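Observations on the model geometry
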Amino acid sequence: MASTAASHGGAKRFPLNGMAGMCEDRLMQILSITIRIAVIHCVLLVAATIFADDTHAAGCSFDEQGDGRVAAVIDARSFRLDDGREVRLAGIEMADRAKASAALSALLVGRDVTLRGRDDAPDRYGRQPAYVFLAGAETPVQGDLLRQGLALVSSEIADKDCAALLMAAEAEARQAKSGTWAGSTVIKNAESPGDILAGIGRFTVVEGRVLSVRQAGATTYLNFGRNWTRDFAVTISRRIVPAFEAAGLAPKSLENRRIRVRGWVEERRGPRIELLRVGQIEVLGGN
């Protein structure tokens, strides 16, 4: 009897143990699936955020800083909205002011626009700098003026994606010889310091071969001539050299290479352009 009871007791215990094991396995499966779903959700969320950020940065589509209807064009790169606000086109310098003003009037007057930028702080003249988008447009009005050869990409753009978009529009006009690019005087020759110096105080694009790279104190000089008191040179402050190095443009690596630089011409023992951002310099082929 004892044997039979034990046998019966064992028969009762084994199914319970088996059921407990099955429940435990099932719980583990559910937990594993839940964890996997959570991980996939996180990955998709991160990917969506990155994609959204990239999309947002592309095409100079910064945060919206207002909108309105254009009432009048003030000059080649600024206009007034119907509520009285004045807006300056960010990211460009005008190459042909008369034609650019006419083109801007044709593009904007009487039309609704969206203003985008990093912030809406006005410049010293009270104008709001912005990248200006017509309704439904994916690229800013600045790109239209660049493609017509009426403007140049400025040296103020910190966002590399926005700078790349506008540089591509400028290159399109340059290759097609549109607008101001139909002439041969837009890009100055680094070997003609007198010609560059004639544009003192103006935004200028210069091309040439870097003959030497020298450092004096906290400044690095890219020299385009042998006479440092007369010839053209580009200056880079020590504090921003790391940014150029990170972009693969270490100053010393530019020696004996042809480059294109853009910026405001100053006279400091010869014509100078100070580089404040990596986007001011382009390494050209055929070195």
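Remember, it's a predicted structure, so these values are computed and weren't measured experimentally.

Residues F79, L108, V113, Y131, V132 and L145 are the most contacted members of the largest nonpolar core, which totals 36 residues. With residues up to four places along the chain from it excluded, the contact list for F79 reads V70, A72, V73, I74, R85, E86, V87, L89, L108, V113, L115 and V132. Core analysis: the next-biggest nonpolar cluster, separate from the first, contains 21 residues, V213, L249, L254 and V261 among them.

The next point concerns the sheet that holds strand β3 (residues 86–89). In space, the five strands of this closed barrel follow the order β1-β2-β3-β6-β5, with mixed pairing throughout. Pairwise comparison of adjacent strand axes, ignoring direction, gives a mean angle of 60 degrees for this sheet. Strand direction decides the pairing type here: strand β1 (residues 64–75) and strand β5 (residues 112–116), joined by four bridges, are antiparallel. Directly across from G68, in β5, lies its bridge partner V113. Sheet contacts for helix α2 (residues 97–108): β1, β2 (78–81), β3, β5 and β6 (128–134); angle to β1, the most-contacted strand, approximately 130 degrees.

Quick look at the state of the cysteines now. One covalent bond between the sulfur atoms of two cysteine residues makes up a disulfide. Counted according to the given criterion, the structure contains one disulfide. Note on cysteine connectivity: C60 is disulfide-linked to C162, with sulfurs 2.0 Å apart. When the S-S torsion is 95 degrees, as for the bridge of C60 with C162, the disulfide is right-handed. You can see C60 sitting in the loop between α1 (2–57) and β1 and its partner C162 sitting in helix α4 (residues 160–176), a full 102 residues away along the chain. With a relative accessible area of 0%, C60 lands in the buried category. Overall, C162 belongs to the buried group, its relative accessible area being 0%.

Counted residue by residue, strand β9 (residues 203–209) has six buried out of seven residues, so it is predominantly covered. In this structure, strand β8 (residues 187–189) lies alongside β9, joined through three bridges in parallel fashion. Counterpart to I187 in the pairing with β9 is V205. Pairing of β9 with strand β13 (residues 258–267), which is carried by seven bridges, proceeds in the antiparallel orientation. By the bridge assignment, T204 is partnered in β13 with G263.

Quantified by volume, the largest pocket comes out at close to 600 Å³. Lining the largest pocket are 24 residues, with R88, A90, P129, Y131 and E156 sitting closest to its centre. Looking at the lining of the largest pocket residue by residue, the class counts come to ten nonpolar, three polar and eleven charged. In this structure, the second largest pocket occupies an estimated 460 Å³ of space. Around the second largest pocket sit 19 residues that line it, and M94, L152, R202, F203 and T204 are the ones nearest its centre. Of all the secondary-structure elements, those providing two or more residues to the lining of the second largest pocket are β4 (92–94), α5 (193–197) and β9. Ranked by the residues each element gives to the lining of the second largest pocket, the list is headed by β9, at three residues.

Relative to β2, β1 runs antiparallel, the two being bridged by four bridges. Across the sheet, the residue bridging to A72 is R80, located in β2.

Rules used in this analysis
- Residues numbered from 1 in each chain as written.
- Predicted model: local features only at pLDDT ≥ 70, side-chain atom pairs only at ≥ 80, totals over all residues.
- Heavy atoms only, no water.
- Core = buried A, V, L, I, M, F, W, Y, C linked by side-chain atoms within 4.5 Å.
- Buried < 20%, exposed > 50% of the residue type's maximum accessible area, 1.4 Å probe, protein only.
- Contact = heavy atoms within 4.5 Å.
- Pairing = 2+ DSSP bridges.
- Helix = DSSP H or I, 4+ residues; strand = E, 2+ residues; numbered from the N terminus.
- Axes fitted to C-alpha atoms, helices over the stretch in contact; angles between N-to-C directions.
- Disulfide = S-S within 2.5 Å.
- 1 Å grid on protein atoms, 1.4 Å probe; cavity = no way out; pocket = protein on both sides within 12 Å on 5 of 7 lines; lining within 4 Å.
- Points joined across faces, edges and corners; volume = space filled by probe spheres on them.
- Nonpolar A, V, L, I, M, F, W, Y, C, P; charged D, E, K, R; others polar.

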